[in-house]
Each structure stands twice: as C-alpha cells, then as structure tokens.
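# Tertiary structure, described
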Amino acid sequence: MKLETRLFGIIEIDVTKIINFKNGIIGFEELKQFMIIHNVESEETNILWLQSLDNAEMALPIIDPLIVRTDYNPVVEDELFTNIGDVINDEILVFTTLTVPSDISKITTNLKAPLIINPVTMKGCQIIVDNDDYLVKYPIYDILKAGKEENKEGE
C-alpha cells in the first residue's frame, strides 16, 4: 500500500506498522490511523513524524520526551490506557508533539499531553497529564542544539 504525502512524497505503508488512535488526537479527533516516519534527510535524528494515513497532508513532528527532560515521568491513571490494550512489562512508547514556529529558536514540545503507543497492539492514545510539573509549551531549542553539538564532538 502506498500513500502520497505532503512532506515525504510517496511512502510505502507497512500495514503492521499502522498505529490506531481510537479517539484520534487533540485537534484531529477525526484522524485515527497513523504511522511513525523518520526523515532520513533531516540532520536532527531525534525528531520523528506522526504521519496521518487518513489525511496525507497532515504529519506532526514528535519527540521522545526523555530527550528533553530526563526526569519526565508523568503519573497517570491506569484507566486512561484501557483503549490501547494490556501493557506488558511497561513496554509503551511515549512521544510528545512539537510546535515549530517560523522562528526555530522558539520550538516547544507539549509535555502536558503525551502520545502513548502500545507497540504490541499498535494502538495509541493521547492523555492529559494532570499536574503542573509539565508545560504545554516547554522550550527545547537549547536542548536540541546542545544535543547536536554533543553528537558532533563524539564523531
């Protein structure tokens, strides 16, 4: 199966890698099927893309929140995970969405509403973290820049 996307051109869809969000994601509740894409042309390997299969025009940049906050560990009620299936050995994937304005130095991630994916069932959900430790617009430019410089030094 192939899909022509706005950002990545024509991509091959591996049906085993389709992630189903029963309730969609905030702001895009009507979109249910996604896949995670790594932009091989991008120098920034920490940023991935959540590509909608329902709307080829829509792809959200996402990141592992542990890259930007090593202490990221929101406490959430187990009932919020009911629609992604049983989680075995805490094997879940957690991502946060990015907002990338025209001034790239203002890039932020939403630590308040992470995306949770069960890689066994390939089901996902977005939850709202109910505490004030995590911001909706957490600035990450300096963190990403420092990480990029560390990678250059290690080469």
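Here we summarise the structure given alongside this text. (Residues numbered from 1 in each chain as written. Predicted model: local features only at pLDDT ≥ 70, side-chain atom pairs only at ≥ 80, totals over all residues. Heavy atoms only, no water.)

All right, on to the overall build of the protein chain then. In terms of helices and strands, the protein chain carries two helices and eleven strands. The order of helices and strands in the protein chain, counted from the N terminus, is β-β-β-β-β-β-α-β-β-β-β-β-α. Here the analysis covers contacts within the protein chain between residues at least 6 apart in sequence; of these, 54% occur between residues at least 24 apart. (Helix = DSSP H or I, 4+ residues; strand = E, 2+ residues; numbered from the N terminus. Contact = heavy atoms within 4.5 Å.)

In this section: the pattern of salt bridges. This model, assessed by the stated rule, comprises three salt bridges. The residue Asp71 makes a salt bridge to Arg69 at a minimum N-O spacing of 2.8 Å. According to the relative accessible area criterion, Asp71 is partly exposed, its value standing at 47%. (Salt bridge = Lys/Arg side-chain N within 4 Å of Asp/Glu carboxyl O. Buried < 20%, exposed > 50% of the residue type's maximum accessible area, 1.4 Å probe, protein only.)

Let us now look at the environment of Tyr134. Considering the arrangement of structural elements, one finds Tyr134 in the loop between β10 (123-126) and β11 (138-139). As a C-alpha pair, Tyr134 and Ala113 span 21 residues in sequence and 9.0 Å in three-dimensional space. Among all residues touching Tyr134, those that are not within four sequence positions of it are Arg69, Asp71, Tyr72, Asn73, Pro74, Leu111, Lys112 and Val129. Among the polar contacts listed, one links the side chain of Tyr134 to the backbone nitrogen of Asn73, at a separation of 3.0 Å. (Polar contact = N/O pair within 3.5 Å; in protein donor to acceptor, adjacent residues only side chain to side chain.)

On to the pairing of strand β9 (residues 115-118). Of the two faces of β9, the one lined by Leu115 and Ile117 and the one lined by Ile116 and Asn118 are each fully buried. Examined bridge by bridge, strand β7 (residues 93-99) and β9 share three bridges and lie antiparallel to one another. Within the sheet, the bridge partner assigned to Phe95 lies in β9 and is Leu115. For β9 and β10, the ladder comprises four bridges, and the chain directions are antiparallel. Considered in β10, the bridge of Ile116 is made with Cys125. (Pairing = 2+ DSSP bridges.)

Let us now look at the side chain of Thr108. If you trace the backbone, Thr108 turns up in strand β8 (residues 108-109). Residue contacts for Thr108: discarding those within four places in its chain leaves Thr97, Leu98, Thr99, Lys137, Tyr138, Pro139 and Ile140.

Taken together, the side chains of Glu77, Asp130, Asp132 and Asp133 present a region of like negative charge at the surface. Checked against the element boundaries, Glu77 lands in the loop between α1 (65-68) and β7. Exposure remark for Glu77: the relative accessible area of 52% places this residue in the exposed category. (Patch = residues over 30% accessible without salt bridge, like charges linked within 9 Å, V, L, I, M, F, W, Y side chains within 5 Å. Areas by Shrake-Rupley, 256 points an atom, 1.4 Å probe, with all protein chains shown as cover. Lys, Arg positive; Asp, Glu negative; His and termini not counted. Charge placed at Lys NZ, Arg CZ, Asp CG, Glu CD.)

Take the packing of aromatic side chains next. Scanning all chains against the criterion turns up three aromatic pairs. When the centroid spacing of 5.9 Å and the interplanar angle of 75 degrees are considered together, the rings of Phe8 and Trp49 count as edge-to-face. Here Trp49 lies in strand β5 (residues 47-52) and Phe8 lies in the loop between β1 (2-5) and β2 (9-12), a separation of 41 residues in the sequence. For the ring pair Phe21 and Phe34, a centre distance of 5.4 Å and an interplane angle of 80 degrees mean the geometry is edge-to-face. Pair noted here: Phe21 is in strand β3 (residues 19-21) and Phe34 is in strand β4 (residues 33-37), with a separation of 13 residues, a long-range link. Taking relative accessible area as the criterion, Phe21 reaches 0% and is therefore assigned buried. (Phe/Tyr/Trp six-rings, centres within 6.5 Å; stacked < 30°, edge-to-face > 60°.)

Where β3 lies against β10, two bridges are found, and the strand directions are parallel. The partner of Asn20 across the bridge, within β10, is Lys123. The antiparallel hairpin formed by β9 and β10 contains four residues in its connecting segment, where Met122 sits at a positive phi of about 60 degrees.

None of this, on its own, says anything about what the molecule does.
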